[in-house]
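Here is how the chains run, residue by residue.
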Amino acid sequence: MATDIRVLRGRELLKHSEALHAVYVGAFCAPPWNEDEEKAVEFVGRLVSDVERPGFTAALAFAGADVMGFTTAWTTVAPFPTDRCYPQAAAGLGAERTVAWLCGAREIDELAVRPAAHGTGLAGELLDAVTEDAPEGRAWLLTSVRSPRAVAFYRRQGWAQATHTSPEGRDIVVFLGPRHPARSLADLPL
């Protein structure tokens with residue numbers, strides 16, 4: 001499948017909202033994520049404010065006119081956020097590492113490809129496209145260990161797991177990108 005990957009900044013992403021919704025449903029409404037239609041609607045709704053975040057960057061993969069996958073990212077602000085799953089990341093890294101490793105870095109929010117594109121290398125290309133200009137190579141993301149496939153994918157892409165799950169957490173772990181300067185400090189025995 002020949003694809004064209006386009007990097008978009010800011011509000012220009014919103015004209016693709018319908019296609020992003022469809023890709024999100026295909027990627028996350030099946031196991032292991034088991035999200036429902038409401039979560040897909042919430043994702044598209046969040047994009048309206050997400051595109052205004054500092055450093056917002058998205059990459060879309062097109063096969064002709066069809067969007068086959070996407071990734072969204074932005075610059076993590078300081079002070080480190082306290083909503084969503086951020087407290088779990090901060091608890092796993094500690095305050096000093098959280099600020100040093102994550103604040104000011106490119107944060108990957110979502111990465112999704114249509115099921116038909118699984119195993120084609122498209123997800124890796126999207127991840128590369130959205131991180132290639134990350135400040136000083138500093139890129140990071142959160143994922144759930146409930147998806148061994150996602151964890152294995154990030155490891156194959158050269159990302160380093162920087163935290164373990166906590167008993168109070170939701171199985172969330174932090175990964176640092178392959179060019180992140182703290183990557184070698186994050187290689188934890190598992």
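Anyway, here's the lowdown on the structure attached to this text. (Residues numbered from 1 in each chain as written. Predicted model: local features only at pLDDT ≥ 70, side-chain atom pairs only at ≥ 80, totals over all residues. Heavy atoms only, no water.)

Brief notes about the overall build of the chain
Next, step 1: Of the regular secondary structure elements, the chain holds seven helices and seven strands.
Next, step 2: Mapped from its N terminus to its C terminus, the chain presents α and β elements in the order β-α-α-β-β-α-α-β-α-β-α-β-β-α.
Next, step 3: Its C-alpha atoms give the chain a radius of gyration of 16 Å, near enough to 16 Å, the size a compact globule of 190 residues would have.
Next, step 4: Overall, the C-alpha framework of the chain stretches about 45 × 30 × 30 Å when taken along its three principal axes.
Next, step 5: Here the chain holds 190 residues, and 48% of them are scored as buried.
Next, step 6: Long-range pairs, those at least 24 residues apart, make up 69% of the contacts in the chain between residues at least 6 apart in sequence.
Next, step 7: Here the chain has roughly 9200 Å² of accessible surface; of this, 53% comes from carbon and sulfur atoms.
Next, step 8: Charge-centre separation for the chain: the mean point of 19 positive side chains lies 3 Å from the mean point of 24 negative side chains. (Helix = DSSP H or I, 4+ residues; strand = E, 2+ residues; numbered from the N terminus. Rg over C-alpha atoms; globule rule 2.2 N^0.38 Å. Buried < 20%, exposed > 50% of the residue type's maximum accessible area, 1.4 Å probe, protein only. Contact = heavy atoms within 4.5 Å. Areas by Shrake-Rupley, 256 points an atom, 1.4 Å probe, with all protein chains shown as cover. Lys, Arg positive; Asp, Glu negative; His and termini not counted. Charge placed at Lys NZ, Arg CZ, Asp CG, Glu CD.)

Concerning the pairing of strand β5 (residues 139–144)
Next, step 1: Most of β5 sits out of view: five of its six residues are buried.
Next, step 2: Across three bridges, strand β4 (residues 106–113) lies against β5 in parallel orientation. When the sheet's bridge partners are listed, I108 is paired in β5 with L141.
Next, step 3: Chirality of the crossover, the property in question, places the unit of β4, helix α5 (residues 122–131) and β5 among those that are right-handed.
Next, step 4: Pairing geometry for β5 and strand β7 (residues 172–176), over five bridges, is antiparallel. Residue L141 lies in a different strand from β7, and its bridge partner there is F175. (Pairing = 2+ DSSP bridges. Right-handed = clockwise from strand over helix to strand, strands pointing away.)

Focus on the packing of aromatic side chains
Next, step 1: This structure, assessed with the given rule, holds ten aromatic pairs.
Next, step 2: Geometrically, the ring pair formed by Y154 and F175 is tilted, given 5.9 Å between the ring centres and 45° between the ring planes. Of this pair, Y154 sits in helix α6 (residues 148–156) while F175 sits in strand β7; the two residues are 21 residues apart in sequence, bridging distant segments of the chain. We note that Y154, like F175, is buried.
Next, step 3: Counting every residue linked through ring pairs, the aromatic cluster contains Y24, F28, W33, F43 and F70.
Next, step 4: Sitting over the face of the ring of F62, R6 holds its NZ or CZ atom 3.8 Å from the ring centroid. (Phe/Tyr/Trp six-rings, centres within 6.5 Å; stacked < 30°, edge-to-face > 60°. Lys NZ or Arg CZ within 6 Å of the ring centre and 35° of its normal.)

So, to be careful, I would describe these as geometric facts and stop short of saying anything about function.
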